[in-house]
Amino acid sequence: VPTAITVNLGADLTACGSTVLNAGNPGLLYNWSTTATTSAITVSSSGIYFVKVSNVNVCEGYDTINVVITGVNPLVEGFELTAFPPAGWTINNPDNVITWSRTTAAYKGGIASMYMNNHSYSAVGQKDEIVSPGLCDLVGASLTFQVAYQLYTNPASGPNYSDTLKVQMSTDGGSTWTTIYNKYGASGSTQLTTATPAYSTSPFIPTTTQWRKETVALPNATQMLVKF
């Protein structure tokens, strides 16, 4: 769905002045000479569309217009709905034990978030993945998310226990993956931690101030999957 489209009118219709653009949304008024820009028309892709332009005091006519998408609505997921995973998302849980879940006990905004209950998950080396719906026609896009985390033990002591949050992308439908974000708490590192103190043996339920916003640039791509 475009956030803006450019409408290029035929020369025979530019004299209509104040006109009605009727492309499934009748009654939308714009002033134009040779170009009109609007955010109110919904189309699924760039292309040629047949529209009617009219002004009862001046002229009326039909013409084809070239619709050029200049922006798309972002994919936003706050895990607010009770259904989990959300429609279009998939979970990979190889050991069929604890995996990504929805919780209303912690959130940065809204009423919910998704989390891994690693406090109760003692298996070593397990990987649990949640994969986004397919993204299309990415140009200059970025991924932004909020993360909250606290270690279970002091990362400078031994033994210590830690987790890794990795974000990967695929432009070939999931055949291969490229890591675009990787933070962890092993070997003395607190790079993933967002809380003070950095570690606690109590279950971590973050407050709204114990989150950190992360932004990762995405490469231009005709299609992409993103997984956490």
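Now for a quick tour of the structure. (Residues numbered from 1 in each chain as written. Predicted model: local features only at pLDDT ≥ 70, side-chain atom pairs only at ≥ 80, totals over all residues. Heavy atoms only, no water.)

### A few points about the overall build of the chain
Of regular secondary structure, the chain possesses 0 helices and 16 strands. Out of the 228 residues in the chain, the part that is buried amounts to 34%. Taking as baseline every contact in the chain between residues at least 6 positions apart, the subset at least 24 positions apart corresponds to 62%. Accessible surface, the chain: about 12,900 Å² in total, of which carbon and sulfur atoms supply 52%. (Helix = DSSP H or I, 4+ residues; strand = E, 2+ residues; numbered from the N terminus. Buried < 20%, exposed > 50% of the residue type's maximum accessible area, 1.4 Å probe, protein only. Contact = heavy atoms within 4.5 Å. Areas by Shrake-Rupley, 256 points an atom, 1.4 Å probe, with all protein chains shown as cover.)

### A look at the environment of Val147
Mapped onto the secondary structure, Val147 falls in strand 12 (residues 142-147). Of the residues examined, Val147 reaches a relative accessible area of 8% and is grouped as buried. Val147 sits 65 residues away from Arg212 along the chain, and the two C-alpha atoms are 5.4 Å apart. Setting aside chain neighbours within four positions, we find Val147 in contact with Leu165, Tyr181, Leu192, Thr194, Gln210, Trp211, Arg212 and Glu214.

### Concerning the packing of aromatic side chains
All chains considered together, the criterion is met by 5 aromatic pairs. Ring geometry for Phe145 against Phe228: centres 5.3 Å apart, planes inclined by 90°, an arrangement best described as edge-to-face. Note that Phe145 is positioned in strand 12 and Phe228 in the segment after strand 16 (221-227), a separation of 83 residues in sequence. Among the aromatic side chains, those forming a connected cluster through ring pairs are Phe79, Phe84 and Trp89. Over the ring of Trp177 we find Lys227; its NZ or CZ atom is 4.2 Å from the centre of that ring. (Phe/Tyr/Trp six-rings, centres within 6.5 Å; stacked < 30°, edge-to-face > 60°. Lys NZ or Arg CZ within 6 Å of the ring centre and 35° of its normal.)

### Some words on the pattern of salt bridges
Tallied over the entire structure, the rule returns 3 salt bridges. Between Lys183 and Glu214 there is a salt bridge, and its shortest N-O distance comes to 3.0 Å. Here Lys183, found in strand 14 (residues 178-184), pairs with Glu214, found in strand 15 (residues 212-217); they are 31 residues apart in sequence, far enough to count as distant. A salt bridge links Glu214 to Arg212; the nearest nitrogen and oxygen atoms lie 2.9 Å apart. We classify Arg212 as partly exposed; its relative accessible area is 23%. Within the structure, one salt-bridge network assembled from shared partners comprises Lys183, Arg212 and Glu214. (Salt bridge = Lys/Arg side-chain N within 4 Å of Asp/Glu carboxyl O.)

### Some details on the pairing of strand 12
Only one face of strand 12 is covered, namely the face carrying Leu143, Phe145 and Val147; the face carrying Ser142, Thr144 and Gln146 is uncovered. Sheet topology note: the strand 12/strand 15 ladder contains 6 bridges and is antiparallel. Looking across to strand 15, one finds that Phe145 is bridged to Glu214. (Pairing = 2+ DSSP bridges.)

### Points about the side chain of Ser170
Along the chain, Ser170 turns up in strand 13 (residues 164-170). We classify Ser170 as buried; its relative accessible area is 1%. Engagement of the side chain of Ser170 in a polar contact is seen with the side chain of Asp172, the distance being 2.7 Å. Side-chain polar atoms of Ser170 contact the backbone nitrogen of Gly174, separated by 2.8 Å. (Polar contact = N/O pair within 3.5 Å; in protein donor to acceptor, adjacent residues only side chain to side chain.)

### Brief notes about the nonpolar core
Counting 25 residues, the largest nonpolar core has Phe145, Tyr181, Met224 and Phe228 as the members making the most contacts within it. Those elements that provide at least two residues to this core are strand 11 (135-138), strand 12, strand 13 and strand 16. In contact with Phe228, not counting residues within four places along its chain, are Trp100, Met114, Asp128, Glu129, Ile130, Leu143, Phe145, Lys166 and Val167. (Core = buried A, V, L, I, M, F, W, Y, C linked by side-chain atoms within 4.5 Å.)

### Here's the deal with the pairing of strand 16
Buried residues dominate strand 16, accounting for 5 of its 7 residues. Two strands pair when backbone bridges link them, and strand 11 and strand 16 are joined in this way by 3 bridges, in the antiparallel orientation. Looking across to strand 16, one finds that Cys136 is bridged to Gln223. The sheet contact formed by strand 13 and strand 16 spans 3 bridges and is antiparallel. Bridge pairing in strand 16 links Gln168 to Lys227.

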